[in-house]
Amino acid sequence: MTDDTTPLNKYLAIPKAELHRHLEGSLRLSTMLDIARKHGVTVPVSMMNLSGLVQVQDKDPLTFTNFLEKFKTLRLFYKSPDVIHRVTREAVEDAAKDNVRYLELRFTPVALSRAEGFPLHDVMDWVVASAGEAAKEFNIKVGLIASVNRHESPELAEQVAWLAAEHRTRGLLGLDLAGNEAEFKTQPFHEVFKEAKESGLRITIHAGEWGPAENVRDAIENLGAERIGHGARALEDETVAALAKERGVAFEVCVTSNVQSGVVRALEEHPLSKMIEKGLKVTINTDDPSVSRITLSNEFQLAREKLNIPMDVLKKCALTAAEASFLPDGEKAELVGMLKRELNLQ
Ligand code: ADE
Ligand code: ZN
């Protein structure tokens, strides 16, 4: 039961939409312990120790390498089709409980398939089916995005893109490029993203997170990005911000993740407020709720109480997420209409 005196309730009460959440960063700690017991994953026995391996701790270095390390351990847990079903269902359930009405959940087929050598096609089928069932069970709308990592091979990315295109009629809406932006360029992926776009997949790219504003331009011009994952550094180059504005590119901002992975030196220095003031399309997201130990309501609270974003602006960000979703037009109009009514926005 929730406690009515908890300030978080104010943010829980806001009907929200989220565009940037990784399935692999959403595993409940209790579920990981259960999987470890059932499947013999060798991890430290206590919850605290496991937490240190898969979730950012207060004492951790605030670097992207530390942040990405967590995903290496997380890969040990994708042991069976049942596990993939369970973690997908729980990620959807957790979003619904946080009053997220629309979740665009991204997943990394290569990560989910690697530990046990599952075929990519099967992994995609499992996630698509499980997300669809969970959406019905928990009364939330869910769209899916397939992610590929910059630090993995373009050949694998091409396979994922083909399979994603095959699943388009089953709610797989887009393709994302994630991973190590600091050390890997996008050039090897240009062709894959061009073909993906031609096949009807929508494109979002992690850029301007661990790399400069120029990477945001690259994502828009060379990879066909309609949305940018993070883009916290976009304002460092006015011409890049202007390009994003002119093209109507939406930014999937993830404040806590940016603090934890060293994008900004301190929470107070986060450019969320400035991005909104500059007239960019801004949405608020969790990125990896379990790795970061947050909910979307926590992020709304942080934006309001630490970054001084007014409540009505936060609500507009929730609506912007619906408007910038990759849903087909009719479904998007329905979602936007519902959120406008519930948020009291016209
Ligand atoms: N994969 C999971 N979280 C990520 C992030 N913040 N940036 C790039 N790749 C990621
Ligand atoms: Zn991300």
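Scroll up for the structure.
Here the structure is a predicted model, which is why all the values come from computation and not from measurement. (Residues numbered from 1 in each chain as written. Chains lettered and ligands numbered in written order. Predicted model: local features only at pLDDT ≥ 70, side-chain atom pairs only at ≥ 80, totals over all residues. Heavy atoms only, no water.)

Description of the pairing of strand 4 (residues 172-178)
The condition that has to hold: Categorising residues by exposure relies on relative accessible area from a 1.4 Å probe, with only protein chains included: less than 20% of the type maximum marks a residue as buried, more than 50% marks it as exposed, and the intermediate range marks it as partly exposed. Starting at the N terminus, helices and strands are each numbered in turn, a helix being any DSSP run of H or I of at least four residues and a strand any DSSP run of E of at least two. With the strands aimed away from the viewer, a crossover counts as right-handed if its path from the first strand over the helix to the second runs clockwise. The pairing criterion is simple: DSSP has to find at least two bridges between the two strands.
Most of strand 4 sits out of view: seven of its seven residues are buried. The β-α-β motif built from strand 3 (residues 141-149), the intervening helix 8 (residues 154-166) and the parallel element strand 4 has right-handed crossover chirality. Where strand 4 meets strand 5 (residues 202-207), four bridges bridge the pair, whose relative direction is parallel. Counted as the bridge partner of Asp-176 is Thr-204 from strand 5. With respect to chirality, the unit in which strand 4 leads through helix 9 (residues 190-198) into the neighbouring parallel strand 5 is right-handed.

Quick word on the site of ligand 1
As a reminder, the rule being used: Distances are taken per atom, and a residue is near a molecule or strand as soon as one of its heavy atoms is within 4 Å of it. Here a polar contact is recorded for every N or O atom pair within 3.5 Å, except that within protein the pair must consist of a potential hydrogen donor and a potential acceptor, and residues adjacent in sequence are included only if both atoms are side-chain atoms. All accessible-area figures derive from a Shrake-Rupley calculation using a 1.4 Å probe, and residue coverage is judged against the displayed protein chains alone. Note that Gly is not counted as nonpolar here; it falls among the polar residues with everything else outside the nonpolar set of Ala, Val, Leu, Ile, Met, Phe, Trp, Tyr, Cys and Pro and the charged set of Asp, Glu, Lys and Arg.
If you check the shell around ligand 1, you find His-22, Phe-67, Phe-71, Ala-178, Gly-179, His-206, Glu-209, Trp-210, His-230, Ser-257, Asp-287 and Asp-288 and nothing else. Glu-209 places a polar side-chain atom, nitrogen or oxygen, 2.7 Å from a nitrogen atom of ligand 1. At 2.6 Å from a nitrogen atom of ligand 1 is found a side-chain nitrogen or oxygen belonging to Asp-287. With the chains in place, 96% of the 260 Å² that ligand 1 exposes on its own is no longer accessible. Counted by class, the shell around ligand 1 contains four nonpolar, five polar and three charged residues.

Let's talk about helix 7 (residues 120-137)
Put simply, the rule is: What a helix is expected to span follows from its residue count: subtract one and scale by 1.5 Å. In this analysis, two residues are considered to be in contact whenever any of their non-hydrogen atoms come within 4.5 Å of each other.
Over its 18 residues, helix 7 runs 26 Å from end to end, which matches the ideal 26 Å to within 8%, given 1.5 Å per residue. Among the residues of helix 7, those classed as buried are Leu-120, Val-123, Met-124, Val-127, Val-128, Ser-130, Ala-131, Ala-134 and Ala-135. The secondary structure elements touched by the buried residues of helix 7 are helix 5 (81-97), strand 2 (100-107), helix 6 (109-114), strand 3, helix 8 and strand 4.

A look at the environment of Asn-285
Position of Asn-285 among the secondary structure elements: in the loop between strand 8 (281-284) and helix 14 (289-292). Between the alpha carbons of Asn-285 and Thr-256 there is a distance of 9.3 Å; along the sequence they are 29 residues apart. With sequence-adjacent residues up to four places away left out, Asn-285 is seen in contact with Glu-18, Leu-19, His-20, Glu-252, Val-253, Cys-254, Val-255, Leu-296 and Glu-299. Polar side-chain contacts of Asn-285 include one of 3.0 Å to the backbone nitrogen of His-20.

Quick notes on the sheet that holds strand 8
The cut-off we apply is this: A fitted line through C-alpha atoms represents every axis, and for helices the fit uses only the stretch in contact; the resulting angles, taken between N-to-C directions, go from 0 to 180 degrees.
With respect to topology, eight strands assemble into an open sheet ordered 1-2-3-4-5-6-7-8, the strand pairing being parallel. Strand pairing shows two members of the sheet lacking a second neighbour, strand 1 (16-22) and strand 8, which therefore form its edges. On average, each strand axis in the sheet is tilted by 25° relative to the strand beside it, whichever way the strands run. In this structure, strand 2 lies alongside strand 3, joined through six bridges in parallel fashion.

Concerning the packing of helix 8 against helix 9
Put simply, the rule reads: Should an angle fall under 35 degrees it is called roughly parallel, over 145 degrees roughly antiparallel, and 65 to 115 degrees roughly perpendicular, with every other angle called oblique.
Where helix 8 meets helix 9, the axes come as close as 9 Å, and the angle between the chain directions of the two elements is 5°. Between helix 8 and helix 9, the angle falls in the class roughly parallel. Side by side, helix 8 and helix 9 meet where Pro-154, Ala-157, Glu-158, Ala-161 and Trp-162 of the first sit next to Val-192, Glu-195 and Ala-196 of the second.

Remarks on the packing of helix 2 (residues 29-39) against helix 5
The interhelical angle for the contact between helix 2 and helix 5, taken along N-to-C directions, is 170°, at an axis separation of 12 Å. Judged by the angle between their axes, helix 2 and helix 5 are roughly antiparallel. Counted together, Thr-31, Asp-34, Ile-35, Lys-38 and His-39 of helix 2 and Val-83, Arg-86, Val-87 and Glu-90 of helix 5 form the full contact between these two elements. Broken down by class, the residue content of the contact of helix 2 with helix 5 amounts to three nonpolar, two polar and four charged.

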